[in-house]
Amino acid sequence: MGLAYNVYLNAKKIYGCKNCKTHLADHDEIISRNFRGQHGKAYLFNSCVNIQQGEAGERNMTTGRHVVRDIACRQCREIVGWKYDRAYESTEKYKEGKYILEQELLCQVS
């Protein structure tokens, strides 16, 4: 398997894990800021780095039923959001393969 190295983003504004400051996402990868998570405000990102993905499972959410998986910081294992694997509603298909990061669990690294 080998060692897992963290990816360090080179951007003007970087979001990191609030617990350990590990880089998670580039501000320019935000698709929408109009989401809610368990801890309040959340952002939909096109991509994330330095995460571990949990097992996929179906969840009923405000916008319908989705197949999602929790995502955690690879460094400290803190859950920071989730990834959409599948949306059943045609109007929600744009979320597939995208990531939700909860604002309360993030910090601005740069």
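Up top you'll find the structure we're talking about.
In this report, we go over the structure that sits alongside the text. Note on numbering: residues in each chain are counted from 1, in written sequence order. With the structure being a predicted model, the display of local features is reserved for residues of pLDDT at least 70 and the display and counting of side-chain atom pairs for 80 or more, all residues being used for whole-chain, interface and lining totals. For side-chain calculations, the full set of non-hydrogen atoms in the structure is used, while hydrogens and water are omitted.

**Concerning the sheet that holds strand β1 (residues 14-17)**
Hydrogen bonds along the backbone pair up the strands of a sheet, which may run parallel or antiparallel.
Here's step 1: Whether two strands pair comes down to DSSP finding at least two bridges between them. Counting from the N terminus, the helices are the DSSP runs of H or I reaching at least four residues and the strands are the DSSP runs of E reaching at least two. The sheet built from three strands is open, its strands ordered β2-β1-β10 with antiparallel pairing. A strand with exactly one partner marks an edge of an open sheet, and here the two such strands are β2 (23-26) and β10 (106-108). Put simply, the sheet's adjacent strands are angled 35° from each other on average, direction ignored. Axes, fitted as lines to C-alpha atoms, cover a helix only where it is in contact. Angles between the N-to-C directions of the axes lie from 0 to 180 degrees.

**Brief notes about the pattern of salt bridges**
Here's step 1: One side-chain nitrogen of Lys or Arg within 4 Å of one carboxyl oxygen of Asp or Glu is enough to make a salt bridge. A full pass over the atoms with the stated rule returns six salt bridges.
Here's step 2: For the salt bridge of E104 with K18, the shortest nitrogen-to-oxygen distance reads 3.2 Å. Placement of the pair is E104 in the loop between β9 (99-102) and β10 and K18 in the loop between β1 and β2, with a sequence separation of 86 residues.
Here's step 3: On the basis of relative accessible area, E104 is assigned to the partly exposed category, the value being 42%. Exposure categories follow from relative accessible area, calculated using a 1.4 Å probe and restricted to protein chains: below 20% of the type maximum is buried, above 50% is exposed, and the middle band is partly exposed.

Purely spatial values, then, with no claim about function.
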